[in-house]
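# Chain and residue survey
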Amino acid sequence: MQTHLLSTRTISPLSNGCAATASASSSPSVAARLRRLPSGLQSVTGRGKFSLAAITLDDYLPMRSTEVKNRTSTGDITSLRLITAVKTPYLPDGRFDLEAYDSLINMQIEGGAEGVIVGGTTGEGHLMSWDEHIMLIGHTVNCFGTRIKVIGNTGSNSTREAVHATEQGFAVGMHAALHINPYYGKTSIEGMVSHFVAVLPMGPTIIYNVPSRTAQDIPPEVIMAISGYPNMAGVKECVGHERVKHYTDKGIAIWSGNDDECHDSRWKYGATGVISVASNLVPGLMHSLMYEGENATLNEKLLPLMKWLFCQPNPTALNTALAQLGVARPVFRLPYVPLPLEKRIEFVSIVEAIGREKFVGQKEVRILDDDDFVLISRY
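Described in the following lines is the structure provided in the data block. Small disclaimer: the values here were computed from a predicted structure and weren't measured.

With that out of the way, let us pick up the layout of surface pockets. Taken as a whole, the largest pocket spans an internal volume of roughly 730 Å³. Together, 38 residues line the largest pocket, and G120, T121, I180, Y208 and R213 are the ones closest to its centre. Sorting elements by how many residues they give to the lining of the largest pocket places helix α7 (residues 211-214) first, with three residues. The residue inventory of the lining of the largest pocket, partitioned by class, reads 15 nonpolar, 17 polar and six charged. For the second largest pocket, the calculated volume is near 320 Å³. Listed by contribution, the elements that provide at least two residues to the lining of the second largest pocket are α3 (98-111) and α11 (283-291). With four residues, the single largest contributor to the lining of the second largest pocket is α3. Partitioning the lining of the second largest pocket into residue classes produces seven nonpolar, six polar and five charged.

A word on the environment of Y379. Mapped onto the secondary structure, Y379 falls in the segment after β12 (374-376). Take Y379: its relative accessible area is 43%, and that puts it in the partly exposed class. Spatially, the C-alpha atoms of Y379 and M128 are 9.8 Å apart, while their sequence positions differ by 251 residues. Not counting residues up to four positions away in its chain, the partners in contact with Y379 are D93, G94, L127, R333 and L334. In terms of polar contacts, Y379 uses its side chain to reach the backbone carbonyl oxygen of L127, at 3.4 Å.

The eight strands lie next to each other as β3-β4-β5-β6-β7-β8-β9-β10, forming a closed barrel whose pairing is parallel. Neighbouring strand axes in the sheet, compared pairwise and without regard to direction, differ in orientation by 25° on average. Inspection of the sheet shows strand β4 (residues 115-118) paired to strand β5 (residues 149-153) by four bridges, in the parallel sense. When the bridges of β5 are listed, I117 appears paired with I151. Running over the sheet, helix α6 (residues 189-199) touches β6 (176-180) and β7 (205-209) and is turned about 165° from β6.

With nine of nine residues buried, helix α13 (residues 316-324) lies mostly within the body of the structure. All of the buried residues along α13 are T316, A317, L318, N319, T320, A321, L322, A323 and Q324. Buried residues belonging to α13 abut α3, α12 (296-309), β11 (331-333) and α14 (341-354). At the exit of α13 stands G326, carrying a positive phi of roughly 75°.

Right, let's talk about the nonpolar core for a bit. Of all hydrophobic cores here, the largest spans 63 residues; its most connected members are L281, M286, L302, L305, L309, F347 and F359. The element contributing the most residues to this core is α12, with seven residues.

Another aspect to go through is the environment of A296. Along the chain, A296 turns up in helix α12. With a relative accessible area of 52%, A296 lands in the exposed category. For the pair formed by A296 and D264, sequence separation is 32 residues and the distance between their alpha carbons is 9.0 Å.

A few words on the pattern of salt bridges. Scanning the entire structure with this criterion turns up nine salt bridges. Here D97 makes a salt bridge to R329, at a shortest N to O gap of 3.0 Å. Placement of D97 in the loop between β3 (82-85) and α3 and of R329 in the loop between α13 and β11 is noted, with a sequence separation of 232 residues between them. According to the relative accessible area criterion, D97 is buried, its value standing at 8%. Looking at R329, the relative accessible area reads 41%, which means it is partly exposed. Where D264 meets K268, a salt bridge forms, and the shortest distance between an N and an O atom there is 3.8 Å. Here the residue D264 and the residue K268 both occupy positions in helix α10 (residues 262-268), the gap between them amounting to four residues, near one helical turn.

The next subject is the side chain of T88. Along the chain, the position of T88 falls in the loop between β3 and α3. One polar contact links the side chain of T88 to the main-chain carbonyl oxygen of G123, over a distance of 2.7 Å. Not counting chain neighbours up to four residues away, the residues in contact with T88 comprise F96, G123, M128 and L136.

Each value, and the rule that gives it
- Residues numbered from 1 in each chain as written.
- Predicted model: local features only at pLDDT ≥ 70, side-chain atom pairs only at ≥ 80, totals over all residues.
- Heavy atoms only, no water.
- 1 Å grid on protein atoms, 1.4 Å probe; cavity = no way out; pocket = protein on both sides within 12 Å on 5 of 7 lines; lining within 4 Å.
- Points joined across faces, edges and corners; volume = space filled by probe spheres on them.
- Helix = DSSP H or I, 4+ residues; strand = E, 2+ residues; numbered from the N terminus.
- Nonpolar A, V, L, I, M, F, W, Y, C, P; charged D, E, K, R; others polar.
- Buried < 20%, exposed > 50% of the residue type's maximum accessible area, 1.4 Å probe, protein only.
- Contact = heavy atoms within 4.5 Å.
- Polar contact = N/O pair within 3.5 Å; in protein donor to acceptor, adjacent residues only side chain to side chain.
- Pairing = 2+ DSSP bridges.
- Axes fitted to C-alpha atoms, helices over the stretch in contact; angles between N-to-C directions.
- Core = buried A, V, L, I, M, F, W, Y, C linked by side-chain atoms within 4.5 Å.
- Salt bridge = Lys/Arg side-chain N within 4 Å of Asp/Glu carboxyl O.

Structure below.
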């Protein structure tokens, strides 16, 4: 049986660098509270007991596979400007439409997207079994992993599930993980830090803060407490410009999680880029928005599309739009349903204003009838 030996060099969860000393920028209250964690909380994961203060710089937690494909550095992730939170298309029986999915990924690559989030909120990972989820990550890596960075959403409100899914995701070759804070049940500040500490050693990781969905903000003190981990790639931040600037001033990579704010976040507040829903539809224009300097004219032109995409909770509008463009079948896994007729008519006007040639796909944009949509409750 192989024995995993821990190096004597360790990193504290409060470190802001590669040494064992806690960062001076960490919140003293967090440091004090973490020191009071019960001993039962010192076990991070899986095989063997790893204390919070004994995660080494040189060792990863044991994986399910002896070989991890496409090992990617954190720097490879922090350099990405445009990451698409990609849609998952379905067949009429509710299974994945991999032909449509592959076509959509190719369109993202051709449009200049440098990474994709697989099975995120937009990709409806929360409606997938973990088998489906990991299969789709592996499929994306095998088909496109040399052309685009594959970031698997392996987050969960259960730390055990997050650890297991992340092990599997890296075992099938994903380049990075996306992790949300525990939702619904929620947890304490110490619990959030411990949750992230359990998954960070496995590979490059983006933390996702979206309080409108989790009902709990990830406060800066949590991000600062884990910022010293070498696998901490950065944060997908949905709280707004002030929070973005707070992190970028400290050298933490930030991706705007709000399409309608991403231009200003990028060029006025120092964000690295955007994790985008709109780029499913107009990847080339979103690439220009992130790479070609301030462009208020282009941003203004895209704002009606961005606002339309969030007129109902994401991904309702995106699913409707891709069906109208003929890029995905008009199949919805419940509880998502298509936008009403008046919003579908509005989308046609938005496409005409921006230009059909700027959108993915080759077919003419259609309004579609209500009867054209298929709603699946069992799949």
